[in-house]
Amino acid sequence: MLATFLIGLREGLEAALVVGILVAYLSKLGRRDVLPRLWAGVGLAIALALVIGAVLTFGAYSLTFEAQELLGGTLSLLAVAMVTWMIFWMQRTARTLKRTLEGGVDRALATGGLWALVAIGFVSVAREGVETTLLLWSMVQSFGEAPAALAGALLGLVAAVILGWALARGMLRLDLRIFFGWTGAFLVIVAAGVLAYAIHDLQEAGALPGPFTAVAPVDPATGDVAVGWAAFPFGWAFDVTASIPPGSALAAILQATVGFMPRMSWLQVVAWVLYVGIVGGIWLRGQLRSRPAARTAPAAEAASVSPSSASPVTVPPGSPSVPSPQGEA
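Note that this is a predicted model, so its numbers are computed, not measured. (Residues numbered from 1 in each chain as written. Predicted model: local features only at pLDDT ≥ 70, side-chain atom pairs only at ≥ 80, totals over all residues. Heavy atoms only, no water.)

Trainee: Before we move on, can you summarise the overall build of the chain with the specific residues and values?
Mentor: The secondary structure content of the chain amounts to 9 helices and 4 strands. When its helices and strands are written in sequence order, the chain yields α-α-α-α-α-α-β-α-β-α-β-α-β. Per-residue burial over the chain gives 46% buried out of 329 residues. Summarising the internal contacts of the chain: among those between residues at least 6 apart in sequence, 75% fall at separations of at least 24. Summed over all atoms, the accessible surface of the chain reaches about 15,700 Å², with 69% contributed by carbon and sulfur. (Helix = DSSP H or I, 4+ residues; strand = E, 2+ residues; numbered from the N terminus. Buried < 20%, exposed > 50% of the residue type's maximum accessible area, 1.4 Å probe, protein only. Contact = heavy atoms within 4.5 Å. Areas by Shrake-Rupley, 256 points an atom, 1.4 Å probe, with all protein chains shown as cover.)

Trainee: Got a sec to walk through the packing of helix H1 (residues 2–28) against helix H4 (residues 97–111)? Specific residues and values, please.
Mentor: At a minimum axis separation of 10 Å, H1 and H4 run at an interaxial angle of 50 degrees. When the axes of H1 and H4 are compared, the pair comes out oblique. Like other packed secondary-structure pairs, H1 and H4 cross with a definite hand, here right-handed. Note on element contacts: H4 touches H1 through Leu97, Lys98, Leu101, Glu102, Val105, Asp106 and Leu109, opposite Val18, Ile21, Leu22, Tyr25 and Leu26. Residues of the contact of H1 with H4, tallied by class, amount to 9 nonpolar, no polar and 3 charged. (Axes fitted to C-alpha atoms, helices over the stretch in contact; angles between N-to-C directions. Parallel < 35°, antiparallel > 145°, perpendicular 65-115°, else oblique. Left-handed = near helix turned anticlockwise from the far one by under 90°. Nonpolar A, V, L, I, M, F, W, Y, C, P; charged D, E, K, R; others polar.)

Trainee: Explain the pattern of salt bridges to me, and be specific about the residues and the numbers.
Mentor: Following the criterion strictly, the structure yields 1 salt bridge and no others. Arg31 is the salt-bridge partner of Asp33, the closest N and O atoms lying 3.1 Å from each other. When its relative accessible area of 52% is taken as the criterion, Asp33 is described as exposed. Owing to a relative accessible area of 31%, Arg31 belongs among the partly exposed residues under this scheme. (Salt bridge = Lys/Arg side-chain N within 4 Å of Asp/Glu carboxyl O.)

Trainee: Lay out the confidence of the model for the chain with the relevant residues and their values.
Mentor: Here the chain averages 78 in pLDDT, and 82% of its residues register 70 or above. By mean pLDDT, strand E4 (residues 304–305) is the weakest element of the chain at 36, and strand E2 (residues 236–239) is the strongest at 93. Within the model, pLDDT remains below 50 along residues 297–329, and this stretch shows 83 contacts once partners closer than five positions in the same chain are excluded. (pLDDT = per-residue confidence, 0-100.)

Trainee: So what's going on with the packing of aromatic side chains? Residues and values would help.
Mentor: Aromatic ring pairs are reported here in terms of the distance separating the ring centres and the angle at which the planes meet. Counting across every chain of the model gives 4 aromatic pairs. Aromatic pair Phe212 and Trp236: ring centres 5.7 Å apart, planes at 90 degrees, arrangement edge-to-face. Of this pair, Phe212 sits in the loop between helix H7 (176–204) and E2 while Trp236 sits in strand E2, and the two are 24 residues apart along the sequence. Exposure remark for Phe212: the relative accessible area of 36% places this residue in the partly exposed category. You can call Trp236 buried: its relative accessible area is 5%. (Phe/Tyr/Trp six-rings, centres within 6.5 Å; stacked < 30°, edge-to-face > 60°.)

Trainee: Provide a residue-level description of the side chain of Glu11, including the pertinent values.
Mentor: Among the structural elements, Glu11 can be located in helix H1. Setting aside chain neighbours within four positions, we find Glu11 in contact with Met86, Glu128, Glu131, Thr132 and Leu187.

Trainee: An account of the nonpolar core is requested, with residue identities and associated values reported.
Mentor: Membership of the largest hydrophobic core comes to 30 residues, with the highest contact counts inside it found for Ile7, Leu135, Met139 and Tyr275. Those elements that place two or more of their residues in this core are H1, helix H3 (65–93), helix H5 (114–143), H7 and helix H9 (266–296). Counting residues per element, this core draws most heavily on H7, which supplies 9 residues. Beyond its immediate sequence surroundings of up to four residues, Tyr275 is in contact with Val80, Thr84, Val188, Ala191, Ala192, Leu195 and Gly280. Residues Val18, Val19, Val23 and Ala45 belong to the second largest nonpolar core, which totals 23 residues. (Core = buried A, V, L, I, M, F, W, Y, C linked by side-chain atoms within 4.5 Å.)

Trainee: Give me the environment of Asp106: which residues, what numbers.
Mentor: As for its placement among the helices and strands, Asp106 is situated in helix H4. Between the C-alpha atom of Asp106 and that of Leu29, which follows or precedes it by 77 residues, the distance is 9.7 Å. When near neighbours in sequence (up to four residues on either side) are disregarded, Asp106 contacts Tyr25 and Leu29.

Trainee: With reference to specific residues and values, describe the packing of H1 against H3.
Mentor: Axis separation between H1 and H3 bottoms out at 13 Å; the angle between their running directions is 45 degrees. Relative to H3, the element H1 lies oblique. Of the two elements, H1 crosses H3, and the hand of that crossing is left-handed. Residues Arg10, Glu11 and Glu14 of H1 pack against Met86, Ile87 and Met90 of H3. Here the contact of H1 with H3 is composed, by residue class, of 3 nonpolar, no polar and 3 charged.

Trainee: How would you sum up H1? Please name residues and give values.
Mentor: Between its terminal C-alpha atoms H1 stretches 38 Å, which fits the 39 Å expected from 27 residues at 1.5 Å a residue. Burial analysis of H1 places 21 of its 27 residues in the buried class, the great majority of the element. The positive-phi residue at the C-terminal boundary of H1 is Gly30, with phi of around 75 degrees. (Expected span 1.5 Å × (residues − 1).)

Below is the structure:
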């Protein structure tokens, strides 16, 4: 639940901030009459995410085991690609997000087209919705605990809606640079774990060489697939199932947080290490580059709740702007 809760919170808050910016800007322009079009686009985006989730969940039952594993591995790779893109997209475009969204609204209002604002609402939320659906589906397949994983995601989304509303009302001050920085680091680790599980699925399907295929090295003493350095590159890197049973609470916690499984192949381990090293290194360099700019601006206030305050939220450079009741950010 912790892993899916944080994913739901992160992705949900991104969507809530974007929608909040759009609603506040339309209110500032005195065009609340077109808000139903924006909400229609948001509703369509949510419906799309739900439909994709339903198709993936129920459509896979009619497939063979190999086809299910191949589908799961492919979609997990797609989820990793989308998460990776979103991490760097937010890091790169956060400073201009508000201006870009407002420019899109201006163009939509200038043309007067009904579908223009519907499209803005749809695109603004569909990106996070589809990404969240694919990521959660991959994690549910990995964990095998669908009720708990889905409950965590739902709680995260509810918390994101509440936080987004509190930010827009000026009831909450939050350093979004720190929030998205820490959750970005968490998503790098989660994506590495999903990548490792995707490799496992593709190996089980026979699409990649590994312990389930004929190329796996065999221990002559036991006749089982070899474990350790002698098994490189297509055998098991390690097997600690005797100490950490796959169905235990510890195994679930480790898999949800760092993508660790009690038994992993060499391809899984290499993929995990390379992803964390390369993607994590690029992400960290981007974070360090944004710090000098943050120091030159007024320091953002720490997260605090002030129900009586209606002042705008203080947001440091590098973070998406948050609308206030007056429509300012």
